[in-house]
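An overview of the molecular structure
So you can see what is in the structure, the chains are spelled out below.
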Amino acid sequence: MEKTDKVATPKIYPKIDVPKLKPCDKILTSNEYSKDVIGAKAVNLRRLEELKEQGKIDVIIPKSIALPNGYIQDLWDNDIEQAEYYLKNEDSYPCKEACPVGKLSDYAENKMIELRKIMNDNGVTSDWVIVRSAFNSEDLPNYSAAGLYNSTLVPLDSEIEKRNNGVLYHGILNDVARSKWSKDAINSRIKYQIPDDNVQPGAIIQDYIGSNYVFTIYTDDNDGKLKIEMYDRYISRFGKDVYQPHVFSYDKKSGKLSYDSIQMTDAGVTFNEDGEIIDIDPIEEDLSDNKKVLEQVKKVVENALVVEKEFGHPQDIEGGIKGDDIYFWQTRNIVK
């Protein structure tokens, strides 16, 4: 084989400008979400609420509140134990905020008591809540940052309030805000020439819905069709990497909804010497005879198309089905 004289040209990634947020250290209710204070993810959530209030979509939007970057920074600035830990381990971390926070201080305890009260006053009352990243670098028109930053489930069903508050505090800072310093997030910033200081962590705290099924909708997949990937809730939480989803597609031109793939384990097939299948992992679930779920999927499609139209751009929507109810808990523009 002859050696080529051609030299591979490295891919050049566009430089992404991340808009800085206005200083704000107060807890925000959903009617206060704005791009210049908490970023696009929270604003998209508020827009879903508005579509629901206007009767344009027929799904449930879980209640939420948001913590802007100033609130997160205040927690960091007053965590004395974290500061002391950083002084002893400066060589291991790029900055103090990349260190894990320590035990719940009196200051943090009082902040969490205030936070829990505002959550309750605004309908965020589930035994479990989900703390989602809401960074200013997420869901931008040309850069989604999908999957770079963490979300975490926090149990609040214990009778021991201090434990609840400690878990919430650690979830906000250790699990979500510190994900700014994950390997993938750092590499993405390098690739797109985003200065570390331009990325400002925030968080959305939202009721967690223990759905029977969770789904992701791509309202305009690569083939121009709407696509749904759906998992049983337990597989979604503990085994997405080893399971294939239920896959539905909807042809916008013909109006045809099809069930393209059942949920099953990945690649568990055994062949004999003649290449014939002699064993295959069992199918986890086939929904083709489940009339109730199939009707709900049709309703999911109808609502997703409305969201796409109202946002004026193809959407990546996450949600779930619980009993008779359908939930949308976040949406973002699809960035290709």
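Preceding block: the structure.
Okay, so let's go over this structure. (Residues numbered from 1 in each chain as written. Predicted model: local features only at pLDDT ≥ 70, side-chain atom pairs only at ≥ 80, totals over all residues. Heavy atoms only, no water.)

Description of the packing of helix 2 (residues 69-77) against helix 4 (residues 106-121)
Here is the rule: Here an axis means a line fitted to C-alpha atoms, over the contact stretch when the element is a helix, while the angle between two N-to-C directions is reported on a 0 to 180 degree scale. Only runs of H or I of at least four residues qualify as helices and only runs of E of at least two qualify as strands under DSSP, and these elements are numbered from the N terminus. Any angle between 65 and 115 degrees counts as roughly perpendicular, while under 35 counts as roughly parallel, over 145 as roughly antiparallel, and the rest as oblique. Handedness of a crossing is defined here by the sense of rotation of the near helix relative to the far one, left-handed for an anticlockwise turn of less than a right angle and right-handed for a clockwise turn. The contact rule is simple, with two residues in contact once any of their heavy atoms fall within 4.5 Å. Under the grouping applied here, Gly and all other residues not named as nonpolar or charged are polar, the nonpolar ones being Ala, Val, Leu, Ile, Met, Phe, Trp, Tyr, Cys and Pro and the charged ones Asp, Glu, Lys and Arg.
Direction vectors running N to C along helix 2 and helix 4 enclose 150°, while the axes themselves pass 10 Å from each other. One way to sum up the angle between helix 2 and helix 4 is to call them roughly antiparallel. In the crossing of helix 2 with helix 4, the sense of the turn from one axis to the other is left-handed. Counted together, Y71, D74 and L75 of helix 2 and Y107, K111, M112 and L115 of helix 4 form the full contact between these two elements. Across the contact of helix 2 with helix 4, the residue classes break down as five nonpolar, no polar and two charged.

Description of the sheet that holds strand 9 (residues 246-251)
Threshold: Two strands are said to pair when DSSP picks up at least two bridges between them.
Pairing in this open sheet of six strands is antiparallel, and the strands run 10-9-7-6-15-16 from one edge to the other. Strands with a single pairing partner mark the edges of an open sheet, and in this sheet they are strand 10 (256-261) and strand 16 (325-333). Put simply, the sheet's adjacent strands are angled 20° from each other on average, direction ignored. Sheet topology note: the strand 6 (residues 213-218)/strand 7 (residues 226-232) ladder contains six bridges and is antiparallel. Opposite Y218, over in strand 7, you have K227 as the bridge partner.

A closer look at the nonpolar core
Stated precisely, the cut-off is as follows: Nine residue types can take part in a nonpolar core, namely buried Ala, Val, Leu, Ile, Met, Phe, Trp, Tyr and Cys, and a core is a set of them joined through side-chain atoms within 4.5 Å. Only protein chains enter the calculation, and the probe is 1.4 Å; a residue is then buried if its accessible area is under 20% of its type maximum, exposed if over 50%, and partly exposed in between.
Of all hydrophobic cores here, the largest spans 38 residues; its most connected members are L67, L115, L168, I172 and I205. Counting residues per element, the ones that place at least two in this core are strand 2 (64-67), helix 2, helix 4, strand 3 (128-133), helix 5 (161-176) and strand 5 (203-207). The greatest single-element share of this core, amounting to five residues, is contributed by helix 5. With near-sequence residues (within four places) excluded, L115 lies in contact with I27, I65, L67, Y71, L168, I172 and I205. Residues A42, L48, A66 and V300 belong to the second largest nonpolar core, which totals 35 residues.

What about the pairing of strand 6?
Across the six residues that make up strand 6, a large majority, five, are buried. As paired elements, strand 6 and strand 15 (residues 315-322) share six bridges and run antiparallel to each other. Note that in strand 15 the partner of V214 across the bridge is G320.

Observations concerning the pairing of strand 3
Side chains on a regular strand alternate between the two faces of the sheet. Summarising burial for strand 3: five of the six residues are buried, a large majority. Inspection of the sheet shows strand 3 paired to strand 4 (residues 151-155) by five bridges, in the antiparallel sense. Across the sheet, V129 pairs through a bridge with V154, a residue of strand 4. The sheet contact formed by strand 3 and strand 5 spans five bridges and is antiparallel. Bridge pairing in strand 5 links I130 to Q206.

Looking at the environment of A185
You can see A185 is positioned in helix 6 (residues 183-191). When the C-alpha positions of A185 and A145 are compared, they lie 8.2 Å apart, and in sequence the two are 40 residues distant. Setting aside chain neighbours within four positions, we find A185 in contact with L148, Y149, S179 and K180.

With respect to the packing of helix 2 against helix 5
Orientation of helix 2 relative to helix 5, taken along the N-to-C sense of each, is 105°, at an axis distance of 11 Å. Relative to helix 5, the element helix 2 lies roughly perpendicular. Facing I72, L75 and W76 of helix 2, the residues of helix 5 in contact are Y169, I172 and L173. Partitioning the contact of helix 2 with helix 5 into residue classes produces six nonpolar, no polar and no charged.

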